[in-house]
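Each chain is listed here by its residues.
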4 protein chains.
Amino acid sequence: MSKTRLEAFSDGVIAILITIMVLELKAPDGTDLAALRPLVPTFLAYLLSFIYLGIYWNNHHHMFQATHHISGGVLWPNLHLLFWLSLVPFTTSWMGEHHQEPVPTAVYGAVLLCCAVAWSILQHCIVAVEGPHSTLATAVGKDRKAKGSLAMYIAAILLAFVRPWVAEALYAAVAMVWLVPDRRIESRLGHRANAV
Amino acid sequence: MSKTRLEAFSDGVIAILITIMVLELKAPDGTDLAALRPLVPTFLAYLLSFIYLGIYWNNHHHMFQATHHISGGVLWPNLHLLFWLSLVPFTTSWMGEHHQEPVPTAVYGAVLLCCAVAWSILQHCIVAVEGPHSTLATAVGKDRKAKGSLAMYIAAILLAFVRPWVAEALYAAVAMVWLVPDRRIESRLGHRANAV
Amino acid sequence: MSKTRLEAFSDGVIAILITIMVLELKAPDGTDLAALRPLVPTFLAYLLSFIYLGIYWNNHHHMFQATHHISGGVLWPNLHLLFWLSLVPFTTSWMGEHHQEPVPTAVYGAVLLCCAVAWSILQHCIVAVEGPHSTLATAVGKDRKAKGSLAMYIAAILLAFVRPWVAEALYAAVAMVWLVPDRRIESRLGHRANAV
Amino acid sequence: MSKTRLEAFSDGVIAILITIMVLELKAPDGTDLAALRPLVPTFLAYLLSFIYLGIYWNNHHHMFQATHHISGGVLWPNLHLLFWLSLVPFTTSWMGEHHQEPVPTAVYGAVLLCCAVAWSILQHCIVAVEGPHSTLATAVGKDRKAKGSLAMYIAAILLAFVRPWVAEALYAAVAMVWLVPDRRIESRLGHRANAV
C-alpha cells in the first residue's frame, strides 16, 4: 500500500470542497457597496469553513507524514472522513443564508462533530497499525485537544437552540484552537529526523 | 509509459465526481428540521453513489498497484471507465429526486452496469499485458464477485419496473459486497513483497 | 524546471474540464424514458467533447513523456492551450442545446481549431528546446495528422453554415483519427528505452 | 515537512479556481453571433483572471522550486494566499457583468491587492526560513516589481470611482508586467545548478 495515492486523492477532494464553497458567493445584481451587505454572513460562513477545511488538510498532512505503514483498512476510514467533510459546503450555505436560525446553526455544528468523530476513527486506525510506541502514538498522546473540541461542538449544538450567535462564536473558537498546526507531531518528527 | 500520471488523472476525475454530487444537495429555504426531510432521498442517493465511487477508487488503487507494465492501450479503456463513472452524478440526481419511479431507478442501475462492464474491460486489458501468471491475474482468478455483481445489476434493473425500492436495496447490497477492499490482490501483493 | 508540477497542474485542469461538462446534463423533471430524449443531443455533444479532452490529455501525456528539458518558456504556451480547452464546456453546452443551428456548431469548431493551434505552438516550443534530432522531433516529423486536422476544422466551420450536421460529422471524424494514441512517440520511446 | 503535498494541494486549488470561472460563461439562449455579444465583457474578465491565476501558479511554481526548507509555519500563509485567490471567480463574475460600474471594478482590484499582499507575506515567510543569502532571497532582492504592483492596484482602485475602464486597463497592464515568468529565480537556479 502506497500512501501517495491516498494523500493525492484526499488532497483532491479537500481542494475541491474548499473551492466549490465559493460558488455560493453569487455576484449580486446591484452595483454599489450596499449590494454586498447581504453577502456578509455567507462570506463569514465561507471564511469559517475555509479555515476548518484548511485545518483538516494541515492535520491530515501532518498525520500521514508521521505514518509509516498503511494498510488497506485505512482506505474506508479516510473516505468516511471525506464524506462528512463533503457535507460542509451544504451546511455552510444553509447557515450562511440563515445565520440567526437555530436549526441551520445546529446542523452546521452536527456535521463538524461528525467530521471530528471521523477524524478520531481514522487516527485510531492508523495508530493501531503504527503501534503504541510509534512517533504518531506518542505525539497524539491522550489527545485532549480533540476531546475538548468534541465537547465544545456538543455544547454549541445545544446552545444553537437558545442563542445561535453563541454557537457560531464557539465554532470560531474551536477553529482558533486548531489553527496552530499540530506542533506535537512536527516536533516529534524533528526529534526522530535528528535521531535518524 | 508511466502509471503515475494515469493514476493522478483518474484520482482527479474521481475526486471531482465524488464531490460535485454534493452540489445537488441545495440548502433548503426553510429553517426547521422539517425543511431537511425532502432532502433525505437525495442524501441517501448521494451516500450510495459516494460509496460506489469510493469502491471504484479503492479497486483502481489496488489494481494499478498490482500492475507492473502499462501500455498505451490502457489509456482509452481507463477513460472509458471514467466516462461511465462521470454519468453517476446525473443518475444520482435523477433517482434522488424520483426514488419511487421505475425509469430513474432503472437508469441508475444501467449506468452502474456500464461502469462494471467498463471495469471488466480495463481489468482484461491490464491482465492481458501482465500475463496469465502475474500477481494480478492470479488475484483476480475467475472473478466471481464481478460476475455476480453484473447479474445483480441486471436483476435490479428489471425489478425497478415492478418495485423500485427492491432495485435500490439490491444496489445497496452490491455496494456492501464490494465495500471490503479487494483482499485477494492485497494478500498476493503481501506474499510477493515477502518473496522479494 | 521540473515537469512534474506542470503535468500535475495540466492533469488537474483537464480532469476538471472533462468533469464539469457533465453538470450540463441536468436531471429532467419527467420520470419516463421520453424525458431523456431532449437530453440526447446534449449527451452526444458531451460524449464528443469528452473524447476530445481525452485525446488532448493522452497526447499531452505522450508529448511530455518524450520531453527531457523543460524551460520556463513552456509554461505560458501550456496555459494558452489550457485556456482554449477551458472554453470547450461552454461551446459543448451551446451546441448541445442548439445542434441544428449554424453559429453554435461553427463556434464549437472554432474553439477546437484554437485548441489545435495552441497545441501546435506548445509542441513547437518543446521541439525547439529538445532539438531537431530529439525523440520528440523525429516522432512528430512533418506532423501531417495535425495539419490535416486544422484543414478539417476549417472546412467544418464553413460547412456549419450550410449543413450543421455535416460539420458535426467532421468533428467526430477528426476525433476518430486521433483516438488512436500517438504510436509514433510511443514506438520511438520504446526504441530508445531498448537502446538505453 | 515535504513540499510535494503543499504544491499538489495548491495546484489543485488553483486548477479548480481557474476552471470554475468558466462556469460563469453560460450558453446564451440565442443562436446567432449577436447572442454572444453580451458575453464579451464576461469573457474578457475571464481572460484577465485566467492570466492572473496563471501568473500566481507560475510564480508559486518558481518560488517553491527555489525553496529548500519548508516549515509548518508556511502552511497557513499559503492557505491565506489561496483564500484570496478563491475570491477571484466572484469578483470576476461581478465585474464581468457590470464592467462600467465603479464598485465592482474597485472590488476586483481590492481582491487582487489582497492576493498580492498575501503573496508578499508568503514570500517573506519562506525567505525568513531560507536565510538572507539563499537563492530565493538574492533572486527576490528588493522586489520592486511586487511593490510597483501594489501601488498600481491602489491607484486603479481609486481611479475605478472616476473612470472604471482606466482601472481595468491598469489591471491588464500589471498582468502584462508579470506575464513574463520570474526570470530572476530561474536564472539563479540555473547558476546554482551549474555550480552543483
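Residues numbered from 1 in each chain as written. Chains lettered and ligands numbered in written order. Predicted model: local features only at pLDDT ≥ 70, side-chain atom pairs only at ≥ 80, totals over all residues.

## Describing the relation of the copies chain B and chain A
Now for step 1: Of the transformation superimposing chain B on chain A, the axial component is 0.0 Å and the angular component is 90°, with the fit at an RMSD of 0.0 Å. Taken together, the rotation and translation relating the two chain copies correspond to the operation of a four-fold axis. Closest approach to the rotation axis among the C-alpha atoms of chain B is made by B:Gly12, whose C-alpha sits 4.5 Å away.
Now for step 2: When the interface residues of chain B are mapped onto chain A, a mere 13% of them are again interface residues, pointing to distinct binding faces. (Least-squares fit on C-alpha atoms with pLDDT ≥ 70 in both. Contact = placed C-beta atoms within 7 Å.)

## Some words on the environment of D:Leu87
Now for step 1: Structurally, D:Leu87 is set in the loop between α3 (75-86) and α4 (88-97).
Now for step 2: Residue classification places D:Leu87 among the buried residues on the basis of 21 C-beta atoms within 10 Å.
Now for step 3: For the pair formed by D:Leu87 and D:Leu17, sequence separation is 70 residues and the distance between their alpha carbons is 8.9 Å.
Now for step 4: If we skip the residues at most four places from it in the chain, D:Leu87 touches A:Val22 and D:Val111. (Helix = DSSP H or I, 4+ residues; strand = E, 2+ residues; numbered from the N terminus. Buried ≥ 20, exposed ≤ 12 C-beta atoms within 10 Å, placed from the backbone.)

## A closer look at the interface of chain D and chain A
Now for step 1: Of the residues lining the interface, 24 residues belong to chain D; the matching set on chain A comes to 23 residues.
Now for step 2: At the level of elements, α1 (3-20), α3, α4 and α5 (102-130) of chain D are the ones that each hand at least two residues to the side of chain D that touches chain A.
Now for step 3: Broken down by element, the residue count for the side of chain D that touches chain A peaks at eight residues, all from α1(D).
Now for step 4: For the side of chain D that touches chain A, a count of residues per class yields 15 nonpolar, six polar and three charged. (Nonpolar A, V, L, I, M, F, W, Y, C, P; charged D, E, K, R; others polar.)

## Describing the interface of chain B and chain A
Now for step 1: With 23 residues of chain B in contact, the opposing surface of chain A contributes 24 residues.
Now for step 2: Of all the secondary structure elements, the ones that give two or more residues to the side of chain B that touches chain A are α1 (3-20) and α2 (40-65) of chain B.
Now for step 3: No other element matches the eight residues that α1(B) contributes to the side of chain B that touches chain A.

## Some thoughts on the nonpolar core
Now for step 1: Counting residues in each nonpolar core, the largest one holds 246 residues, and the members touching the most others are A:Leu53, B:Leu53, C:Leu53 and D:Leu53.
Now for step 2: For A:Leu53, the residues in contact, after removing those within four places along its chain, are A:Ile14, A:Leu17, A:Ile18, A:Leu85 and A:Val88. (Core = buried A, V, L, I, M, F, W, Y, C linked by C-beta atoms within 7 Å.)

## Re the packing of helix α5 (residues 102-130) of chain B against helix α8 (residues 164-179) of chain B
Residue and element names in this part refer to chain B.
Now for step 1: It is the contact of α5 with α8, at a shortest axis distance of 9 Å, that shows an interaxial angle of 25°. Our classification of the angle between α5 and α8 gives roughly parallel. Here α5 and α8 pass one another in a crossing that is left-handed. The segment α5 lies against α8, with Pro102, Thr105, Gly109 and Leu112 engaging Pro164, Ala167, Glu168 and Tyr171.
Now for step 2: Across the contact of α5 with α8, the residue classes tally to five nonpolar, two polar and one charged. (Axes fitted to C-alpha atoms, helices over the stretch in contact; angles between N-to-C directions. Parallel < 35°, antiparallel > 145°, perpendicular 65-115°, else oblique. Left-handed = near helix turned anticlockwise from the far one by under 90°.)

## Structural notes on the confidence of the model for chain A
The predicted coordinates should not be examined in detail at positions where pLDDT is low.
All names here are of chain A.
Now for step 1: Confidence in the prediction of chain A, expressed as mean pLDDT, is 88, and 91% of residues score 70 or more.
Now for step 2: Ignoring residues within four places in sequence, the model shows residues 192-196, a span with pLDDT below 50, making one contact including any to other chains.
Now for step 3: Predicted complex metrics record ipTM = 0.88 and pTM = 0.90. (pLDDT = per-residue confidence, 0-100.)

## A look at the relation of the copies chain D and chain A
Now for step 1: Laying chain D over chain A is done by rotating through 90° and shifting 0.0 Å along the axis; what remains is an RMSD of 0.0 Å.
Now for step 2: When the interface residues of chain D are mapped onto chain A, a mere 12% of them again lie at the interface, so each copy presents a different face.

## Some details on helix α7 (residues 144-160) of chain A
Each α-helix turn comprises 3.6 residues. Residues three or four places apart therefore point the same way.
Residues and elements named next belong to chain A.
Now for step 1: Along its 17 residues, α7 runs 24 Å from first to last C-alpha, staying within 8% of the 24 Å computed at 1.5 Å per residue.
Now for step 2: For α7, the full list of buried residues reads Ser149, Tyr153, Ala156, Ile157, Leu159 and Ala160. What you see down the axis of α7 is that its buried residues fit within an arc of 160°, all on one side. Exposed and facing more than 90 degrees away from the buried side of α7 are Arg144, Lys147, Gly148, Ala151 and Leu158. (Expected span 1.5 Å × (residues − 1). Arc of directions from axis to C-beta.)

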